[in-house]
Amino acid sequence: MANGSIKGKALAYVLVMLLLAAITVVIGLLIKDITYRGYYLTLTLGGIVLFTSVIYAISIKLKSSEDVKGIATSAIQALWVSTSMGLGYIVTANAPYFQIPQAYAIALFAIGWVMLLFGLYSLLKLSKESGVPLAV
Amino acid sequence: MPANEETKGKDVFGDFATLVVPEEHTKSTLNIFMIYMGVLAVVAAIFAGSGLAQMYDAATMLKVAFIGNLILAIYGGLIAYVGGSTRANTYMILRYPLGRLGSLIGNLIVSAIPLVVWFAVETWLFGLTVNVIYPDNPLTSIAAASIWGGLLMMVTAYYGFRAMAILSYITVPFWYTLVVIGFFASVDLAGGFDKVWAARPEVIAPLGVGITYVVGLYASGSVITSDVARYGKKPWSGAIAWAVHVTIFMTALLFAGGVMTLLTNSPNVIVAIAQIGLGVGALLLAILGQWTTNDNNLWSAALAWINTTGKLNKRVWVVILGVIGTLIAGLWAGLWGMSLEPFINFAVYLGYFIPPVGAVIIADYYVFRPLVLGLKDPKERYKFGPGTKYPLVNVPGVVAVAAGGAIAWYTQQIGWGAPVINGIVSAFVVYLALIVLMEKLGISWGVGEWVESSTGF
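Keep in mind it's a predicted model, so treat the numbers as computed, not measured.

Calculation criteria
Residues numbered from 1 in each chain as written. Chains lettered and ligands numbered in written order. Predicted model: local features only at pLDDT ≥ 70, side-chain atom pairs only at ≥ 80, totals over all residues. Heavy atoms only, no water. Helix = DSSP H or I, 4+ residues; strand = E, 2+ residues; numbered from the N terminus. Rg over C-alpha atoms; globule rule 2.2 N^0.38 Å. Buried < 20%, exposed > 50% of the residue type's maximum accessible area, 1.4 Å probe, protein only. Contact = heavy atoms within 4.5 Å. Areas by Shrake-Rupley, 256 points an atom, 1.4 Å probe, with all protein chains shown as cover. Lys, Arg positive; Asp, Glu negative; His and termini not counted. Charge placed at Lys NZ, Arg CZ, Asp CG, Glu CD. Buried area = accessible area lost by both parts, 1.4 Å probe. Salt bridge = Lys/Arg side-chain N within 4 Å of Asp/Glu carboxyl O. Polar contact = N/O pair within 3.5 Å; in protein donor to acceptor, adjacent residues only side chain to side chain. pLDDT = per-residue confidence, 0-100. Core = buried A, V, L, I, M, F, W, Y, C linked by side-chain atoms within 4.5 Å.

**Some details on the overall build of chain B**
Each helix and strand in chain B was counted, giving 20 helices and four strands. In terms of overall size, chain B behaves like a compact globule, its C-alpha atoms giving a radius of gyration of 22 Å where 457 residues would be expected to give roughly 23 Å. For the C-alpha atoms alone, the extent of chain B along its principal axes is close to 70 × 45 × 40 Å. When each of the 457 residues of chain B is scored for burial, the buried share is 61%. The long-range share in chain B, meaning contacts at least 24 apart out of those at least 6 apart in sequence, stands at 83%. By element, 70% of the accessible surface of chain B is carried by carbon and sulfur atoms, the whole surface being about 16500 Å². If you average the places of the 23 positive and of the 21 negative side-chain charges in chain B, the two averages end up 8 Å apart.

Right under this line is the structure:
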């Protein structure tokens, strides 16, 4: 596989997670006036993914395309955090405590599943193509 | 390249149980950090915070937890550096300060026996927690949950360091985030932070009592930091990862448990999370937290048994010890309802001797070898590999551990000072006093000789 392709893929995977996290934060802003608990939840989980993804995306962008190991290592580390936070959305979105309106809760729940499954897929794919172990 | 690399042997036991970790198998500092965080990610760490809540208000708890954990960071960090620098596990390192035969006894005291007991206790606690959350299902009875929980924990330990790291990567961010959410939710429901800062027990204990309590919580765990730190890419990877995780995150967990106790009289974050409607989250928190801690207990115990017997490989030991621990948890405690007290008492008794082992490692590696034997290069102080000669018994080391353990036990009985710290300081002083004196007087401090075989045993 071409080195440039690994860099592009790694960056794309991290940016997809960034986009999904941004959507959850937007949902949080929409429900801010209805439930401050739900708002803080999205700010916490989404914020962690946003922060991690931005830092690692910059780190990947600055790496040479030849540095396959370095690129994959950064991307895998970022994807582990995002995947783990996806699990966080799955278990928290529908909890009564957060008082999130059902339509928004379902959206967060679904995004959590997408983050978890996409995260696992991209982790396995990147690890296989770059030779960098998942336990990086 | 470390000097030890030149003398690699055959990894017949798995996970380099008796060999130094080769360069190509080393891991990033982040990886080491995640493993330590996985070990810490256990509900018992939050429960321990309730002990502080009996003694202090929230602000003092934070101060006491931070100072205690700073001491643990230094103590465990110094030992982790020995592992990172030599790329050897605890049981190999002990061959120098205790001698080859002495290290066999050291292995039994430090890991081989107590970690199997703790594996059983944690597995039973796992069954208990699952049963509290889902009481009305045959699969979630204490006995059944202990058995399937024990089997889960055996899986990652069976596959070794890499599997444990993968589990930690998926678990750690989720676990800590959910604990933070549970903590804030229970504070929110109990009346907010104003109530936290105002709450206090009737009598405030002296700071030293709490600091000693905190050090005692993790002093034994600090001694085996090398088992993970030896995989570090840099010699300091493990030391830094250990210090950061214990100072920041152990402090935070103790504080969370303490505050929850002050507010609700219960540190049970799992129950708090279940109460806010996060049943699945609470279950995952219990499963994943206990899993990442207990697989490490089992893995370290297996390494210790290999280094004690020189027989069977890591996977076989994981299965043997895992089945014993699971049966104790599932049948003895879970099904027959018998108390785990005898096992726990025995492990606690052995626990008096564990921190002195760490003190002897520190005294030998950082004081005796560089300052008395003149081995200034850290990588030259301990060498391993086929053909390496070790004394059978390092007499001052064995005497110092016995003395330190006895002093810790005795001062606990009479209630004098801080037993854990008494044991550490005594062992450190006794070891240096004896070995330096013997070296200066030309008396041999090492008795007999053991030559390492091609398998590293």
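**Some points on the interface of chain A and chain B**
Note on interface size: it is often stated as the accessible area lost on association of the parts. If you look at the interface, chain A gives 26 residues, while chain B gives 26 residues. Between chain A and chain B the total buried area reaches about 2000 Å² when both faces are included, carbon and sulfur atoms providing 75% of it. Applying the counting criterion to the chain A and chain B interface returns one salt bridge. Seen at the junction of chain A and chain B, the total is five residue pairs in polar contact (both at pLDDT 80 or more). Contributions of two or more residues to the side of chain A that touches chain B are made by α2 (36–62) and α3 (68–92) of chain A. Per element, the largest residue contribution to the side of chain A that touches chain B is ten residues, and it comes from α3(A).

**Description of the confidence of the model for chain B**
All names here are of chain B. With 98% of its residues at a pLDDT of at least 70, chain B reaches an overall mean of 90. Model confidence for chain B, summarised as mean pLDDT per element, is weakest for helix α13 (residues 269–275) at 73 and strongest for helix α17 (residues 354–372) at 97. Ignoring residues within four places in sequence, the model shows residues 1–7, a span with pLDDT below 50, making 19 contacts including any to other chains. Quick note on the complex model: pTM equals 0.87, ipTM equals 0.87.

**Focus on the pattern of salt bridges**
Using the criterion set out here, one finds eight salt bridges over all chains in the structure. As a salt-bridge pair, Asp188(B) and Arg37(A) come within 2.9 Å of each other at their nearest N and O atoms. Here Asp188(B) is found in helix α8 (residues 161–190), whereas its partner Arg37(A) is found in helix α2 on a different chain. Between Asp15(B) and Lys314(B) there is a salt bridge, and its shortest N-O distance comes to 3.4 Å. Taken together, the positions of Asp15(B) in the segment before α1 (29–40) and Lys314(B) in helix α15 (residues 314–335) put the pair 299 residues apart, joining distant regions of the chain. Exposure class is identical for Asp15(B) and Lys314(B). Each is buried. Residues participating in the shared-partner salt-bridge network are Lys9(A), Lys125(A) and Glu129(A).

**As for the nonpolar core**
Residue and element names in this part refer to chain B. Judged by nonpolar contacts, the single largest core of 191 residues is most densely connected at Leu 52 and Val 259. Looking at this core element by element, the count peaks at 17 residues for α8. Sequence-distant contacts of Leu 52, that is, excluding residues within four places in its chain, are made with Met 61, Val 64, Ala 65, Gly 210, Tyr 213, Val 214 and Leu 254. Core analysis: the next-biggest nonpolar cluster, separate from the first, contains seven residues, Val 117, Ala 120, Ile 328 and Ala 347 among them.

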